[in-house]
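Observations on the model geometry
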Amino acid sequence: MWKEELGLVGMMLGRDERNFHGWAYRRIVVAAMEKGLIEKGISLVEQEWEYTTVMIKSNMSNYSAWHSRTKLAGRLLKERGAQKQARMDFLEDGENCSNYS
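A short tour of the structure in this document, coming up. (Residues numbered from 1 in each chain as written. Predicted model: local features only at pLDDT ≥ 70, side-chain atom pairs only at ≥ 80, totals over all residues. Heavy atoms only, no water.)

From N to C terminus, the protein chain includes five helices and zero strands. Listing every helix and strand of the protein chain by position from the N terminus yields α-α-α-α-α. On C-alpha atoms alone, the protein chain measures out to a radius of gyration of 14 Å, which is about the 13 Å that the 2.2 N^0.38 rule sets for 101 residues. Taken across its 101 residues, the protein chain has 33% of its residues classed as buried. Surface exposure of the protein chain reaches about 6,600 Å², of which carbon and sulfur atoms provide 57%. (Helix = DSSP H or I, 4+ residues; strand = E, 2+ residues; numbered from the N terminus. Rg over C-alpha atoms; globule rule 2.2 N^0.38 Å. Buried < 20%, exposed > 50% of the residue type's maximum accessible area, 1.4 Å probe, protein only. Areas by Shrake-Rupley, 256 points an atom, 1.4 Å probe, with all protein chains shown as cover.)

This is the structure in structure tokens:
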């Protein structure tokens, strides 16, 4: 069911990539999908980070995608086992912040 919902929200964001409510629902759907996967050691954070990257590259002013990134960044760094220097490098890296012109 959740995969179908993810497809539906993908269609919503395809029509309006800045739809804040669509992005919020996507986070709910992904969290529900992860519930069963986390027990198996599987996370969708990397996949969601890539999705936000694609959406931001297609529209730099997609503040809803940027907002979703704020929800993902901490978990992404934790899952990557990033130490202090790696975290600083990540935040300074234009690919992670705003170098999408």
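Moving on, we get to the packing of helix H2 (residues 20-38) against helix H4 (residues 63-79). Two numbers describe how H2 lies on H4: the axes approach to 9 Å, and their chain directions differ by 25 degrees. Overall, the two elements H2 and H4 adopt an arrangement that is roughly parallel. In terms of crossing hand, the pair formed by H2 and H4 is right-handed. Along the contact surface, H2 presents Phe20, Trp23, Arg27, Glu34 and Ile38, while H4 presents Ser64, Ala65, His67, Ser68, Lys71 and Arg75. Grouping the amino acids of the contact of H2 with H4 by side-chain chemistry returns four nonpolar, three polar and four charged. (Axes fitted to C-alpha atoms, helices over the stretch in contact; angles between N-to-C directions. Parallel < 35°, antiparallel > 145°, perpendicular 65-115°, else oblique. Left-handed = near helix turned anticlockwise from the far one by under 90°. Contact = heavy atoms within 4.5 Å. Nonpolar A, V, L, I, M, F, W, Y, C, P; charged D, E, K, R; others polar.)

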